[in-house]
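Architecture and fold: a report
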Amino acid sequence: MTMPAPQAASPDQKYEIAHLTLVPKRHIGRVVTAALVLAALAALIRAFSVGQIEWSYVRDFLFAPAILQGLQSTLLMTVAAMTLGIVLGVVIALMRVSGNPVLSSIAVGYVWIFRGAPALLQLMIWFNLALIFPTMGIPGLFEFRTVDIMTPFVAAMLGLGISQGAYTSEVVRSGLLSVDSGQYEAARSIGMTQMMMLRRIVLPQAMRVMVPPIGNEVIGMVKLTSLASVIQYSEILHNAQIIYFANTRVLELLLVASFWYLAVVSVLSVVQHYIEQYFGRGSKAVSASM
Amino acid sequence: MSKEIVVKAVDVTKLYGTFTALDKVSLEIAKGEVCCIIGPSGSGKSTFLRCINQLEKMNSGAIWVNDELIGYRREGNNLHEISDVEMSRQRRHIGMVFQRFNLFPHKTALENIMEGPIQVLREPVAEVRKRSEDLLVRVGLGDKAGHYPSQLSGGQQQRVAIARAMCMRPELILFDEPTSALDPELVSEVLDVMKDLAASGMTMIVVTHELGFARSVANTVAFMEAGKMVEVGPASEVLTSPKSPRTMEFIRAVHS
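With that settled, the discussion passes to the overall build of chain A. Regarding its fold elements, chain A presents 12 helices and two strands. A compact globule built from 290 residues should have a C-alpha radius of gyration of about 19 Å, whereas chain A, at 29 Å, is more than 25% larger. Counting only C-alpha atoms and orienting by the principal axes, one finds that chain A spans roughly 110 × 70 × 35 Å. Relative to its full complement of 290 residues, chain A shows a buried share of 30%. The contacts in chain A between residues at least 6 apart in sequence include a share of 75% that link residues at least 24 apart.

What follows is the structure, given as structure tokens:
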């Protein structure tokens, strides 16, 4: 690009450039970094393709019955543990913000204990509960042998759900705190009772704040269920392990499991987006909808 | 002259720790009366208003609305606080309009107005919808039914809030500085709706700094200062020739 040589400009000519084309700045740095990153990525892909991975095993086991059954168990555990976690989270959060000092202290203690111990450890405690309580029940009414009830499924659900409840209660509490006090007053002024106010006015608004972190936690839970493989719950990682113990294709089967985790998480991310949109209604000016 | 008394407050006292926010405040409002409460900020006007529907608990005193003791029940020589459900029932008859509108942001203008009659009064939806739409037209927002509060100006939001209070068919509406949070050019549209409401015979208690509104609409003006009811009287008297020198000073200061 050449600039026209400056003329012996008269003051008038100096301002006669308004019609010239404006050329945006070139981002040389961006092009260089992008090229470097792409090159590194290409090298990584090449490493995997020439590495000692038998891709045919990955393909063959992707839809193997044991893997699909494991996927189903993973999803079931995610739903079960997360449901328990959300129910406990709401209850604990309401206990925490209630005026009752006993309930509030218990809620604080719950969060302290179940957020303080690793989920894996909690799972193992539930699974081994029979060691200290051989039988469970209400004396005189009914009684079970603990080993009969505390199946891998139940132990994993309790371990994951109860520790999840501790985290979710903090999310719910922050959601409740995010609702303006004027909303409570307006709800009372039209004669709403506490329960109605919570259900109709406060929770729907708190949801807007709560959905993104809870979505995060659901996604976290999908992967956390893999801990249940340790106590013999036959979720996807556990089943992949059983297969590679037999055929020794360790990495191939781990890639199969990764694929399914990634697939489930991708679907959930899309679902989360739509839930967020629903609870965000009224929060931005979308005058186009009128 | 036998007037039907809607609000009767006797010796209402409110303490915040050692600070006396309300010091034996008494007031009587007759049916159809518009009472403006004026006074410097921090004088307890809003606190008193909020005691009338018990958004604020009082430390002593008693308030009746339509001859019903508010928030308490007499048992022997004690007044016992009533249950949440009972209190909600009493609040149905007392509308309130807030300084910061407090519309429900997740509901449209129409849904805001319909919420109380449908959820609280359990009235049939079709009937409530008709009444709510009529009210929106009456406050000049017939075309905004589907708008969310965030899509409305402050003045429009406050008019929706007034319609929301009206739709409950209350016997009394409390206004807590309804125009203080508005841009100056939006004040008159809200005051016009309030004038219309006053003309229709609604009993209103209005905490306000708008002395012009008080002069043109109020029957009674009450002047409060430092938690005390300094002077109550007919609007014309209190605003032009007040008995108390403090009232005189305040009105002069506002006008200057």
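Still more to cover.
This paragraph deals with the overall build of chain B. Within chain B one finds nine helices and 12 strands. Principal-axis analysis of the C-alpha atoms gives chain B an extent of 50 × 50 × 40 Å. Considering only residue pairs separated by 6 or more positions, chain B has 65% of its internal contacts joining residues 24 or more positions apart.

Moving on to the packing of helix H11 (residues 236-247) of chain A against helix H12 (residues 250-279) of chain A. All names here are of chain A. The N-to-C vectors of H11 and H12 enclose an angle of 160°; their axes lie 9 Å apart at closest approach. It follows that H11 is roughly antiparallel to H12 by the angle criterion. The two elements H11 and H12 meet at a crossing, and its hand is right-handed. In this structure, H11 contributes Ile236, Leu237, Ala240, Ile243 and Tyr244 to the contact, and H12 contributes Val250, Leu253, Leu254, Val256, Ala257 and Trp260. In terms of residue class, the contact of H11 with H12 is made up of 11 nonpolar, no polar and no charged.

The strands that make up a sheet are held in pairs by hydrogen bonds between backbone atoms, and each pair lies either parallel or antiparallel. All names here are of chain B. Sheet architecture is open: six strands sit in the order E8-E9-E10-E3-E11-E12, paired in mixed fashion. Looking at the sheet topology across the chains shown, the edges are occupied by strand E8 (94-97) and strand E12 (228-234). Strand-to-strand twist across the sheet, computed as the mean angle between neighbouring axes with direction ignored, equals 15°.

Attention now goes to unusual backbone geometry. All names here are of chain B. Of note in the backbone geometry, Lys24 takes a positive phi value of approximately 50° without being a glycine. Tracing the backbone shows Lys24 in strand E2 (residues 19-30). Look at Ala226: it is not a glycine, yet its phi comes out positive at around 50°. By the secondary structure assignment, Ala226 is in the loop between strand E11 (220-225) and E12. The exposure class of Ala226 is partly exposed, given the 14 C-beta atoms found within 10 Å.

What follows deals with the interface of chain A and chain B. Frequently, the measure chosen for interface size is the accessible area that the parts lose on association. Each side of the interface is counted separately: chain A has 23 residues, and chain B has 28 residues. For the side of chain A that touches chain B, the secondary structure elements donating two or more residues are helix H9 (181-189) and helix H10 (194-224) of chain A. Looking at side-chain class alone, the side of chain A that touches chain B contains eight nonpolar, 10 polar and five charged residues.

Residues and elements named next belong to chain B. By the assigned domains, chain B splits into domain 1 (5-93 + 171-255) and domain 2 (105-169). Here the C-alpha centroids of domain 1 and domain 2 sit 25 Å apart. Domain 1 puts 10 residues into the contact, and the matching count from domain 2 is 11 residues. In terms of residue count, the dominant contributor to the side of domain 1 that touches domain 2 is helix H6 (residues 187-199) (three residues). Its residues assigned to classes, the side of domain 1 that touches domain 2 shows seven nonpolar, no polar and three charged.

Okay, the confidence of the model for chain B next. Detailed reading of the predicted model is not advised wherever pLDDT is low. Looking at chain B as a whole, the pLDDT averages 94, with 99% of positions reaching at least 70. Both confidence scores are given for the complex: pTM 0.80, ipTM 0.93.

Residues and elements named next belong to chain A. Here Tyr278 is to be found in helix H12. Its 10 C-beta neighbours within 10 Å are what place Tyr278 among the exposed residues. Counting along the chain gives 71 residues from Tyr278 to Met207, while the straight-line C-alpha distance between them is 9.9 Å.

We now examine H6(B). Residues and elements named next belong to chain B. The end-to-end C-alpha separation of H6 is 18 Å, in line with the 18 Å expected for 13 residues at 1.5 Å each. Those residues of H6 not exposed but buried are Val190, Leu191, Val193, Met194, Leu197 and Ala198. Buried positions in H6, seen along its axis, are confined to an arc of 155° and lie on one side of it. Looking at the buried side of H6, the elements it contacts are strand E3 (34-38), helix H5 (154-167), strand E10 (204-207) and helix H7 (211-217). Two residues or fewer after H6 comes Gly201, characterised by a positive phi angle close to 95°.

Attention now goes to the pairing of strand E4 (residues 60-65) of chain B. Residues and elements named next belong to chain B. Where strand E1 (residues 5-16) meets E4, five bridges bridge the pair, whose relative direction is antiparallel. Bridge pairing in E4 links Thr13 to Ser60. What sits between the antiparallel neighbours E4 and strand E5 (residues 68-69) is a turn of two residues, in which Asn66 has the positive phi angle 50°.

Attention now goes to the pairing of E8(B). Residue and element names in this part refer to chain B. Here E8 shows a buried face lined by Ile94 and Met96 and a second buried face lined by Gly95 and Val97. Direction of pairing for E8 relative to strand E9 (residues 172-176): parallel, over a ladder of four bridges. Across the sheet, the residue bridging to Gly95 is Ile173, located in E9.

Residue and element names in this part refer to chain B. Pairing within the open sheet is antiparallel, and its four strands lie in the order E2-E1-E4-E5. This sheet does not close on itself; its edge strands, each paired only once, are E2 and E5. Across two bridges, E4 lies against E5 in antiparallel orientation. Paired with Val65 across the strands is Glu68, a residue of E5. In the packing of helix H1 (residues 45-52) onto the sheet, the strands contacted are E1, E2 and E4, and the crossing angle to E1 comes to about 120°.

The next point concerns the nonpolar core. The biggest cluster of nonpolar side chains holds 121 residues, and the ones touching the most others in it are B:Ile205 and B:Val221. Counting contributing residues per domain, this core is built from domain 1 (5-93 + 171-255) and domain 2 (105-169) of chain B, each supplying no fewer than three. Contact partners of B:Val221, with chain neighbours within four places excluded, come to B:Cys36, B:Ile38, B:Ala214, B:Gly233, B:Ala235, B:Val238 and B:Leu239. Within the second largest apolar cluster, 11 residues are counted, among which are A:Phe61, A:Leu71, A:Leu237 and A:Ala257.

With that out of the way, let us pick up H1(B). Residue and element names in this part refer to chain B. With eight of its eight residues buried, H1 lies for the most part within the structure. All of the buried residues along H1 are Lys45, Ser46, Thr47, Phe48, Leu49, Arg50, Cys51 and Ile52. Gln54 occupies a position one or two residues after H1 and carries a positive phi of about 60°.

What counts and how
One numbering rule holds for all chains: residues counted from 1, following each sequence as written. The naming scheme follows written order: chains are lettered A onward, ligands numbered 1 onward. For a predicted model such as this one, the threshold for reporting local features is a pLDDT of at least 70, and the threshold for listing and counting side-chain atom pairs is 80 or more; totals across whole chains, interfaces and linings nevertheless cover every residue. Runs of H or I in DSSP of at least four residues are treated as helices and runs of E of at least two as strands, each being numbered from the N terminus. Using C-alpha atoms as the atom set, the radius of gyration is obtained and then compared with a globule rule of 2.2 Å times the number of residues to the power 0.38. Exposure is read from a count of other C-beta atoms within 10 Å of each residue's own; the residue is exposed at 12 or fewer, buried at 20 or more and partly exposed in between. C-beta atoms are placed from the backbone. It is the C-beta atoms, placed from the backbone, that decide contacts: two residues are in contact if theirs lie within 7 Å. Here the axes come from fitting lines to C-alpha atoms, over the contacting stretch only for helices, and the angles between their N-to-C directions go from 0 to 180 degrees. In this scheme, roughly parallel covers angles under 35 degrees and roughly antiparallel covers those over 145, while 65 to 115 is roughly perpendicular and the rest are oblique. Crossing handedness: left-handed means the near helix sits turned counterclockwise from the far one by under a right angle, and right-handed means the same turn made clockwise. Polar here means any residue other than Ala, Val, Leu, Ile, Met, Phe, Trp, Tyr, Cys and Pro, which are nonpolar, and Asp, Glu, Lys and Arg, which are charged; Gly is therefore polar. Paired strands are those between which DSSP finds at least two bridges. For every domain, the bounds stem from an assignment made automatically or drawn from a database. pLDDT expresses how confident the predictor is about each individual residue, on a scale running from 0 to 100. Each residue after the first adds 1.5 Å to the expected span of a helix. As used here, the arc is the angular range of directions from the helix axis to the C-beta atoms. As used throughout, a nonpolar core is a set of buried Ala, Val, Leu, Ile, Met, Phe, Trp, Tyr and Cys residues joined through C-beta atoms within 7 Å of each other.

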